[in-house]
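# Chain and residue survey
Take a look at the letters that make up each chain.
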Amino acid sequence: MRRLSVAVIAAAFLVTATACGGSDSNGSGGSGAEASGGTARVKVGVIPIVDVAPIYLGKEKGFYSSRGLELTLETGQGGAAIVPAVISGQFQFGFSNMTSLMIAQTNDIPVKAVANGVATTGEQGADFGGIAVKKGSPITSAKDLAGKKVAINTLKNIGDTSVRESVRKAGGDPAEVDFVELPFDQMPAALAGGRVDAALVVEPALATVKSQGGTVIASQYADVSPDLTVAMYFTSTQFAERNPETVKKFQEATAESLEYANSHPDEVRRILTTYTKIPEAILPDLILPRWPAQPDRASIETLAKLGEQDGIFRSAPDLDQLLP
């Protein structure tokens, strides 16, 4: 049986303890999110990758402030770390891949997806994320990853599931992949230095790998589903119940931000330089994801079934409860 990290479970208990103490000035219960003059101060946990460019653009363009939301964006390594921060009330909203949200939900952690995040392009070899190897690597197919060391940003998560699906579809043994946890921005150096044999890399780190001569051997998100909803923005169920107007405003502003990002790729590339270390010289080479207005439920169901097959969930995720 797979379980969440101790940090996530501790966060759940922290919420309970805070509620019992009768104070939610900073907690996910959220009256503390409301400030004077009708402005809601909200913190959002994000990851410094291309996926979240829309929310940075939306903040810059005033899509959130025009709705009375004072937005603060704080970065984390991955959705698995952001989930407990949202549940504990450190953040009011967070960005997380769908597997992390399903893991939380199946462990009775009260999360609720509220707005779409990012989706695969669905194109093999032309997606914003890929399984990459360094220049000159003898690995030419996902089938060759059996017995090899593969970097992913969070263990026992969407990286495991999607890489295994690529290996499975290529005819290899998905159970024989040796996963190593590593932040996305450290993967290019780890690949170049031979510390890992391959890496699941997303933009902008993927462009860095390619600039070093690396190649993509599989597009793991597209292998799961050509319409895969990779990640969404979420909150705690308690915050959603106590702050419906704030959640509604966040949903509306995020939807406008996603639409803006889809139609302004040059601005997406520019905003990336404000929160990542991407060299401007490789900005034109970035492959941008899709930012649909709505999640694709069928693709999430596929991801859930693969996660169950991999033993990532302790029970089947309840998507009716999780999704908006």
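Conventions we followed
Residues numbered from 1 in each chain as written. Predicted model: local features only at pLDDT ≥ 70, side-chain atom pairs only at ≥ 80, totals over all residues. Heavy atoms only, no water. Helix = DSSP H or I, 4+ residues; strand = E, 2+ residues; numbered from the N terminus. Buried < 20%, exposed > 50% of the residue type's maximum accessible area, 1.4 Å probe, protein only. Contact = heavy atoms within 4.5 Å. Areas by Shrake-Rupley, 256 points an atom, 1.4 Å probe, with all protein chains shown as cover. pLDDT = per-residue confidence, 0-100. Pairing = 2+ DSSP bridges. Axes fitted to C-alpha atoms, helices over the stretch in contact; angles between N-to-C directions. Parallel < 35°, antiparallel > 145°, perpendicular 65-115°, else oblique. Nonpolar A, V, L, I, M, F, W, Y, C, P; charged D, E, K, R; others polar. Lys, Arg positive; Asp, Glu negative; His and termini not counted. Salt bridge = Lys/Arg side-chain N within 4 Å of Asp/Glu carboxyl O.

The next thing to look at is the overall build of the chain. Per the secondary structure count, the chain includes 13 helices and 10 strands. Counting over 324 residues, the chain shows a buried share of 56%. Restricting to contacts in the chain with at least 6 residues of sequence separation, those with at least 24 account for 80%. For the chain, the accessible area works out to roughly 13000 Å², and carbon and sulfur atoms hold 49% of it.

A word on the confidence of the model for the chain. Counting all residues, the mean pLDDT for the chain is 88, and 88% of those residues have values of 70 or more. Low pLDDT, under 50, characterises residues 1-32; the stretch is placed with 53 contacts to residues that sit more than four places away or in other chains.

Time to look at the sheet that holds strand β5 (residues 129-133). Pairing is mixed across the open sheet formed by five strands, whose spatial order is β7-β6-β8-β5-β9. Strand pairing shows two members of the sheet lacking a second neighbour, β7 (178-181) and β9 (215-218), which therefore form its edges. Strand-to-strand twist of the sheet, defined as the mean angle between neighbouring strand axes without regard to direction, takes the value 40 degrees. Looking at chain direction, strand β6 (residues 149-152) and β7 are connected through four bridges and run parallel. Bridge pairing in β7 links Ile152 to Glu181. This element, helix α5 (residues 158-169), spans β5, β6, β7, β8 (198-202) and β9 of the sheet and lies at about 145 degrees to β7.

For the rest of this paragraph, the subject is the sheet that holds strand β10 (residues 229-236). Strand order across the open sheet formed by five strands is β2-β1-β3-β10-β4, with mixed pairing between neighbours. A single partner strand is all that each edge strand has here, and the edge strands are β2 (69-75) and β4 (111-119). Taking each pair of neighbouring strands and ignoring which way they run, the sheet shows an average axis angle of 25 degrees. Pairing analysis gives four bridges linking strand β3 (residues 93-97) to β10, with the strands arranged antiparallel. For Gly94, the partnering residue across the bridge sits in β10 and is Phe234. Along the sheet face, helix α2 (residues 53-61) touches β1 (40-46), β2 and β10 and points at about 145 degrees away from the line of β2.

Moving on: the packing of α5 against helix α12 (residues 297-310). Packing of α5 against α12 leaves a shortest axis separation of 10 Å and a crossing angle of 90 degrees. Here α5 is positioned roughly perpendicular relative to α12, judged by the angle of their axes. Contacts from Ile158, Asp160, Thr161, Arg164, Glu165 and Arg168 of α5 reach α12 at Leu303, Leu306, Gly307, Gln309 and Asp310. Among the residues making up the contact of α5 with α12, the classes are represented as three nonpolar, three polar and five charged.

One can find Leu306 in helix α12. Along the sequence, Leu306 and Asp160 sit 146 residues apart, while their C-alpha atoms lie 9.9 Å from each other. Leu306 has contacts with Thr161, Glu165, Arg168 and Val224, leaving out every residue within four places of it along the chain.

Within the secondary structure layout, Ala255 lies in helix α10 (residues 244-263). Considered as a pair, Ala255 and Pro54 are 201 residues apart in the sequence and their alpha carbons are 9.2 Å apart.

Turning our attention to the side chain of Arg269. Along the chain, Arg269 falls in helix α11 (residues 265-275). We note that Arg269 is buried and unpaired, the nearest opposite charge coming from Asp266 at a distance of 4.4 Å. Residues contacting Arg269, with those up to four places away along its chain left out, are Leu283, Pro284, Leu286 and Leu288.

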